[in-house]
Amino acid sequence: MTRGINPDARLKPSGVEWIGDIPEHWEVSKLKRVALFNPSKSETRLSSSDNCEIVFLPMEKISVSGEIDNSEKRPVAEVWNGFTYFKRGDVVIAKITPCFENGKGAFLGALESEFGFGTTELIVLRPLKGIDGQYLRFITSTNQFLLLGEQYMTGAAGQQRIPSSFVRNYQVALPPAEEQTTILNYISESSASIDQAISRAQREIELIREYRTRLISDVVTGKLDVRGVEVPDVSEGELLEEEQDIDEPVDMMDEGESLDEDY
């Protein structure tokens, strides 16, 4: 995200300490110069009295991987006041802990309705000319953005939020539009094998859980005779460790490896 994918590109100082050198033809810009923040719902032709249904996104319908669940629909009149407005093609970022630190957010290119509403714990960015919506989403999901933003969070413990001013003034290294598309395609191709490996591992975990449930049921109902089975002595601590190993999320990357560091 700061060097591109051409290792031979000539570099120049970015003027931002954490960014370092960037390709000569890239620019450094604050997000507020390439995105419109929290656009107004007054841009729509609907009003608070309309009853047509649109997509509603509570926090649980937004994933850390950038996907959204469009299944929840609500009448416009029900959500017009008191919720966050957004439009298809916008980028949303969770602003409350721990959702922000986990990277919850999405590029709303797949929003099923032209516009929608969601939880109040969102910051909405509308990409302007010069930045791709998916590229903007990727910037706001990088480790650098999340770790730096965590230092600026304010509020009481358990209810801390990232201030909009941090996001507005966050500086990014911005390549030309065509190169943004090239980088996004490269990231997608490079991460495809990782995503497949994660899916296979998650499916194996599901099968193990199903087998365990069925095995317990067969023993309890007497379908499986275990009277002659010798059970080894296992401490309670070992049993708890096994449960945690099954329930922990799968991480197919080596320690210290990050996609962010390669681009």
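Note that the coordinates shown come from a computational prediction; the quantities given were computed from them, not determined experimentally.

J.: Help me out: how do you make sense of the side chain of Glu179 in this one?
T.: Tracing the sequence through the fold places Glu179 in helix α5 (residues 177-221). Separated by 2.7 Å, the side chains of Glu179 and His25 make a polar contact. With near-sequence residues (within four places) excluded, Glu179 lies in contact with Gly4, His25 and Trp26.

J.: What exactly am I supposed to notice about the sheet that holds strand β8 (residues 91-94) here?
T.: Sheets are built from strands paired through backbone hydrogen bonds, the pairs being either parallel or antiparallel. Taken together, four strands build an open sheet; the order of strands is β4-β11-β8-β9 and the sheet is antiparallel. Pairing within the sheet leaves two strands with one partner each, and these edge strands are β4 (35-37) and β9 (105-107). Averaged over all pairs of adjacent strands, the angle between their axes in this sheet comes to 20°, without regard to strand direction. Sheet analysis places β8 next to β9, joined by three bridges and oriented antiparallel. By the bridge assignment, Val92 is partnered in β9 with Ala106.

J.: Looking at this model, I keep getting lost on helix α3 (residues 143-150). Mind explaining?
T.: Note that an α-helix has 3.6 residues per turn; residues three or four places apart therefore point the same way. Regarding α3, the residues found buried are Phe145, Leu146 and Gly149. For α3, the buried positions fall inside an angular range of 95° around the axis, keeping them on one side. Lining the buried residues of α3 we find β8, α2 (133-139) and α4 (164-168).

J.: Sorry if this is basic, but what is going on with the packing of aromatic side chains here?
T.: For any pair of aromatic rings, the description consists of the separation of the ring centres together with the inter-plane angle of the planes. Counting across every chain of the model gives 11 aromatic pairs. Between Tyr85 and Phe115, the ring centres sit 5.8 Å apart and the planes meet at 45°, which makes this aromatic pair tilted. Residue Tyr85 is found in strand β7 (residues 84-87), and its partner Phe115 is found in strand β10 (residues 115-118); the two are separated by 30 residues along the sequence. The exposure class assigned to Tyr85 is buried, which follows from its relative accessible area of 6%. Relative to Phe145, the ring of Phe100 lies with its centre 5.8 Å away and its plane at 55°, an arrangement referred to as tilted. You can see Phe100 sitting in the loop between β8 and β9 and its partner Phe145 sitting in helix α3, a full 45 residues away along the chain. Taken together through their ring pairs, the aromatic side chains of Trp18, Phe100, Phe145, Tyr152, Phe166 and Tyr170 make up a single cluster. Across from the ring centre of Phe83, 6.0 Å away, lies the NZ or CZ of Arg74, which sits over that ring.

J.: Help me out: how do you make sense of the pattern of salt bridges in this one?
T.: A side chain with one charge can pair with a side chain of the opposite charge if their charged atoms come near. Counted according to the given criterion, the structure contains 10 salt bridges. Asp69 is the partner of Lys61 in a salt bridge, and the nearest nitrogen-oxygen pair spans 3.5 Å. Residue class for Asp69 comes out partly exposed when judged on its relative accessible area of 32%. Overlapping salt bridges, with partners in common, bring together Glu43, Asp90 and Arg126 in one network.

J.: What should I look at first to understand the sheet that holds β10 in this one?
T.: Taken in spatial order, the four strands make up an open sheet running β6-β5-β10-β7, and their pairing is mixed. Where the open sheet ends on each side, the last strands, each with one partner, are β6 (73-75) and β7. Strand-to-strand twist in this sheet, taken as the mean axis angle between neighbours without regard to direction, amounts to 40°. Bridging between β7 and β10 involves four bridges; their strand directions are antiparallel. Across the sheet, residue Phe86 finds its bridge partner in β10, namely Gly116.

So, how was this worked out
Residues numbered from 1 in each chain as written. Predicted model: local features only at pLDDT ≥ 70, side-chain atom pairs only at ≥ 80, totals over all residues. Heavy atoms only, no water. Helix = DSSP H or I, 4+ residues; strand = E, 2+ residues; numbered from the N terminus. Polar contact = N/O pair within 3.5 Å; in protein donor to acceptor, adjacent residues only side chain to side chain. Contact = heavy atoms within 4.5 Å. Pairing = 2+ DSSP bridges. Axes fitted to C-alpha atoms, helices over the stretch in contact; angles between N-to-C directions. Buried < 20%, exposed > 50% of the residue type's maximum accessible area, 1.4 Å probe, protein only. Arc of directions from axis to C-beta. Phe/Tyr/Trp six-rings, centres within 6.5 Å; stacked < 30°, edge-to-face > 60°. Lys NZ or Arg CZ within 6 Å of the ring centre and 35° of its normal. Salt bridge = Lys/Arg side-chain N within 4 Å of Asp/Glu carboxyl O.

Geometry only, nothing functional implied.
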